[in-house]
Amino acid sequence: MHQESFPNTDSQSGPRSQQRVASGGRSKVPLKQGRSLMDWIRLTKSGKDLTGLKGRLIEVTEEELKKHNKKDDCWICIRGFVYNVSPYMEYHPGGEEELMRAAGSDGTDLFDQVHRWVNYESMLKECLVGRMAIKPALPKDYREEKKVLNGMLPKSQVTDTLAREGPSSPSYDWFQTDSLVTIVVYTKQKDINLGSITVDHQGDSFRVETIIKDYSYLIHIGLSHEIQEDFSVQVVENVGKIEIVLKKKESTTWKSLGCPLENHNSLLPKKDTDLYYRKCQLISKEDVTHDTKLFSVMLPPSTHLQVPVGQHVYLKLTIAGTEIVKPYTPVSDSLVPEFKEPVFPNSKYIYFLVKIYPAGLFTPELDLLQIGDYVSVSNPEGSFKISQFQEMEDLFLLAAGTGFTPMVKVLHYALTGIPSLRKVKLMFFNKTEDDIIWRSQLEKLALKDKRFDVEFVLSAPPSEWSGKQGYISPALLSEFLKKSLEKSKVLICICGPTPFTEQGMKFLHDLNFSKDEIHSFTA
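Residues numbered from 1 in each chain as written. Predicted model: local features only at pLDDT ≥ 70, side-chain atom pairs only at ≥ 80, totals over all residues. Heavy atoms only, no water.

- Per an unreviewed UniProt entry, the recorded name for the protein is Cytochrome b5 reductase 4, and the organism is Sus scrofa.
- Looking at the protein in UniProt, the text filed under Subcellular location (unreviewed entry) is "Endoplasmic reticulum".
- Recorded under Catalytic activity (unreviewed entry), the UniProt text for the protein is reproduced unchanged: "2 Fe(III)-[cytochrome b5] + NADH = 2 Fe(II)-[cytochrome b5] + NAD(+) + H(+)". (UniProt positions renumbered as here; feature names shortened; annotations may be inferred.)

Examining the sheet that holds strand E27 (residues 490–495)
Phase 1: Strand order in the open sheet formed by 6 strands is E26-E25-E24-E23-E27-E28, and the pairing between neighbours is parallel. A single partner strand is all that each edge strand has here, and the edge strands are strand E26 (468–469) and strand E28 (518–520).
Phase 2: Bridge count between strand E25 (residues 452–458) and E26: 2 bridges; the pairing is parallel. Bridge pairing links Val457 to Lys468 in E26.
Phase 3: Helix-sheet contacts for helix H9 (residues 405–417) involve strand E23 (394–400), strand E24 (423–430), E25 and E27, and the interaxial angle to E23 is about 165°.
Phase 4: Against the sheet, helix H10 (residues 439–448) makes contact with E24 and E25, and its axis sits at roughly 145° relative to E25, the strand it touches most. (Pairing = 2+ DSSP bridges. Helix = DSSP H or I, 4+ residues; strand = E, 2+ residues; numbered from the N terminus. Contact = heavy atoms within 4.5 Å. Axes fitted to C-alpha atoms, helices over the stretch in contact; angles between N-to-C directions.)

As for the sheet that holds strand E8 (residues 180–186)
Phase 1: Taken together, the 4 strands give an open sheet; going across it, the order is E7-E8-E13-E12, and neighbouring strands pair in antiparallel fashion. Each edge of the open sheet carries a strand with a single partner, namely strand E7 (171–176) and strand E12 (227–236). Shown here is a sheet whose adjacent strand axes are inclined to one another by a mean of 20°, direction ignored.
Phase 2: When E12 meets strand E13 (residues 241–248), the two strands line up antiparallel, connected through 7 bridges. Looking across to E13, one finds that Val236 is bridged to Lys241.

Comments concerning the nonpolar core
Phase 1: Leu395, Phe404, Leu442 and Phe452 are the most contacted members of the largest nonpolar core, which has 41 residues in total.
Phase 2: Element by element, the count of residues in this core is highest for H9, at 6 residues.
Phase 3: Sequence-distant contacts of Phe404, that is, excluding residues within four places in its chain, are made with Leu335, Leu353, Ala399, Leu426, Phe428, Ile437, Trp438 and Leu442.
Phase 4: Core analysis: the next-biggest nonpolar cluster, separate from the first, contains 26 residues, Ile192, Val208, Ile227 and Phe231 among them. (Core = buried A, V, L, I, M, F, W, Y, C linked by side-chain atoms within 4.5 Å. Buried < 20%, exposed > 50% of the residue type's maximum accessible area, 1.4 Å probe, protein only.)

Structure (structure tokens):
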């Protein structure tokens, strides 16, 4: 754990009499059933608010610390950090009495004599209330600068808008052991998940971007020491806390996390932030139709990125000395698991269905890439929100050509993640049978899952085609959009070439579907 910006802990110590601890070892107290270390760890991982501060970190004055000296309200300071140990009382092998001796005061010396071996940072990290306030003897500017570095945001830096709209602005902190450094982001929002956050370590720059509603919160630091390539990212969803655990290359104590880089600790409207790219390696490329291919790229080991359902990324190539960028919606590697085993089940791979246009600028270059070559991939973007799925009963998907790509993950998520779902129907418009992407998979999925139904519509069908034909029309739509129940909660997703989407939207409004019931994917 770091203590930069704190004077020597002794200057905050409580009465020296605390040091008189029985030197003959410690007596263990028998714990009640269900109060083992494992039970404690389970409790800390349950997302329960153990500090009573709903995930906020505060600066604690000595006067404030002294007030919390009762069994059900017991704060203890260890090395400049204040913990609420009340929830831990029943799990403490040394018993309540031992903890109560340091109640409302600095227990560092006591702790060092009895618990030197305990990794209290990880044991008690869910109980962290905050840090001891710095003695005002320090010059003001020094204090401000350090506070920013420690993730305590000076008020002036909080975006006015969010201060007005949101409950409180995000902050971060960090802790260390001999081998690990943990960065904790406190978003103070409930609907944060692994898709809300991207982490990149490139060269000396360590960058963590968290999307909070329509804002981007950035931690951007030149780390003070080297770390290994791989790190882990975890989210405690119901308190909106993110933990990023880095592995040190050498087990030295870091005096600081590092130096702030551009826009560090900033909270900006998402629309005002630039896209950030990382180079991804092409792992595989296979034909899906006569002109559409499935590309698989691998994220660098030093990147965490998960593209949320319904969102897209930008691929960037340098073509003739110019950077060209195109949006693509990632897909899964197949619709039906038995079609192929995932090459690798973890989230290091991103799949794209790409139609190659021989006369185009971008896709022929993409197609020329060899396995092992690199393409740059941006952070996720998009307006689709999973909350649109809440309590949804009927899902209708309208896709033309590669407008099918956003539907892949939407379809998968709907069938696996929405308990209220009764029916999913896809109407898939193409020119010829050869153009239908994943036709056999779609037919197989319809056989396998009774809730799913697919209809193919061709604009240039062969003479023997018995299915629907033509273009999107009110007649086709009114027949297709039959609800399973009169009052069903409905969502309609539409994607395809711009004329298709614009016409479809007009027809849907004419059929009296409201804005809230329609989502159009437009790149």
